[in-house]
Amino acid sequence: MVALARAPRRQPQAEVSDFESDVVEGLRAMPKHVPAKYFYDGAGSQLFERITDLPEYYPTRCELRILRDRAGDIAKLIPAGAALVEFGSGSSKKARIMLAAAPKLAAYVPVDICGEMIEQEAADLRPDFPGLKVLPVTADITQAFALPAPAKAAPARVGFFPGSTIGNFEPHEAAAFLRNAANILGAGAALIVGADLIKPVEVLNAAYNDAAGVTAKFNLNLLVRINRELGGTFKLDSFEHHAFYNRERSRIEMHLASLKRQKVKVAGDIFEFRAGETIHTENSYKYSIESLSALARGVGWRPAGVWSDPRNYFSIQAFRLGE
Ligand code: AVI
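Residues numbered from 1 in each chain as written. Predicted model: local features only at pLDDT ≥ 70, side-chain atom pairs only at ≥ 80, totals over all residues. Heavy atoms only, no water.

Chemist: Explain the overall build of the protein chain residue by residue, including any values.
Modeler: What the protein chain contains, in helices and strands, is 10 helices and 14 strands. Against the compact-globule benchmark of 20 Å for 323 residues, the protein chain has a radius of gyration of 22 Å, which places it among compact chains. Each principal axis of the C-alpha atoms in the protein chain carries an extent, and together these give about 80 × 60 × 40 Å. A total accessible area of about 16100 Å² is found for the protein chain, and carbon and sulfur atoms account for 52% of it. (Helix = DSSP H or I, 4+ residues; strand = E, 2+ residues; numbered from the N terminus. Rg over C-alpha atoms; globule rule 2.2 N^0.38 Å. Areas by Shrake-Rupley, 256 points an atom, 1.4 Å probe, with all protein chains shown as cover.)

Given below as structure tokens:
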């Protein structure tokens, strides 16, 4: 047997995670920033759950109230035999309300990047909805992904994207998400989106600056995560949570502000901070009914219904594909 000459093997490089490259790139940039998706490690997810119960944080309560009061009307968008596809489902608390209101649904497809969590949620749901096929898909909702065969074969698919997560996308990313959802759901689809509304600035600022300091902890937890996972040397008492409504951009901005001039090491690199310099950690865009429907129309969705709470703090907006 002839021995084949082999190219010398390269030493395997230590793989750089997306987290590491996104953090290092964001800290090198001006202004410094880190993508908000990195808030949600175990501790961050628990802190977010606590935020949803805070007296100042109205979005979750408002959305649940709209769903509980209006699920019957919203469910009229869901034809018999359809599949409900939830984007970024996490805990299926809100989907449960829709599932109960639409007993003729054939399938529920929760989609989330965290496979372990949706498998668990699916296992918890099945006994409560015995006639329903619960078919979790582990995927990044901002990318194309395939639906399970029974959902593809259903007479129609209805997307569900509650929680105002759309507000954490930049407007061009929100448009790209809506386009991707249209491609995944296909002809005849409907989409139900929860979106936080523009409202008095005091209400918005209070929701992201709670008296108990849970949102500050949630923001600072990003530094805890960087320290743990990327060998960071951030001192938590040298950074402060800043959150404010930017009226021109219709968004809450969250930042971590350096309280002094300092150097921090992350993944072997040194980053310098001026006193007062911030890391921009999150945008939470607030929409009007018109601004969200304009965005959706731009990528082929036409408005099919709007529901909101008595104070018009939050909206559930429905769209259909077609003319
Ligand atoms: C998940 N997302 C819709 C929340 C929001 O309101 O933008 C995240 C959050 N950030 C601070 N508080 C809550």
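Let's pick the thread back up.
Chemist: How would you sum up the site of the ligand? Please name residues and give values.
Modeler: Taken together, 13 residues sit near the ligand, with Tyr 57, Asn 168, Tyr 208, Glu 282 and Ser 284 positioned nearest. Note that a nitrogen atom of the ligand is positioned 2.8 Å from one of the side-chain N or O atoms of Asn 168. Within the side chain of Glu 282, one N or O atom sits 2.7 Å away from a nitrogen atom of the ligand. If the ligand stood free it would expose 340 Å²; the protein chains cover 96% of that surface. Along the lines of polarity and charge, the residues of the shell around the ligand split into seven nonpolar, five polar and one charged. (Near = heavy atom within 4 Å. Polar contact = N/O pair within 3.5 Å; in protein donor to acceptor, adjacent residues only side chain to side chain. Nonpolar A, V, L, I, M, F, W, Y, C, P; charged D, E, K, R; others polar.)

Chemist: For the packing of aromatic side chains, give the residues involved together with the corresponding values.
Modeler: Tallying each qualifying case throughout the model produces 18 aromatic pairs. Aromatic side chains Phe 39 and Tyr 40 sit 6.3 Å apart centroid to centroid with 85 degrees between the ring planes, which places their arrangement in the edge-to-face category. Judged by its relative accessible area of 1%, Phe 39 falls in the buried class. For the ring pair Phe 39 and Phe 218, a centre distance of 4.5 Å and an interplane angle of 35 degrees mean the geometry is tilted. Of this pair, Phe 39 sits in the loop between β1 (32-33) and α2 (42-52) while Phe 218 sits in helix α9 (residues 214-230); the two residues are 179 residues apart in sequence, bridging distant segments of the chain. (Phe/Tyr/Trp six-rings, centres within 6.5 Å; stacked < 30°, edge-to-face > 60°. Buried < 20%, exposed > 50% of the residue type's maximum accessible area, 1.4 Å probe, protein only.)

Chemist: Describe helix α7 (residues 171-185), and please don't skip the residues or the numbers.
Modeler: In an α-helix, one full turn covers 3.6 residues, which means residues spaced three or four apart are oriented alike. For α7, with 15 residues, the first-to-last C-alpha span of 21 Å sits near the 21 Å given by 1.5 Å per residue. Taken as a whole, α7 has its buried residues at Ala 174, Ala 175, Phe 177, Leu 178, Asn 180, Ala 181, Ala 182, Ile 184 and Leu 185. Downstream of α7 by a residue or two, Gly 186 has a phi angle that is positive, lying close to 80 degrees. (Expected span 1.5 Å × (residues − 1).)

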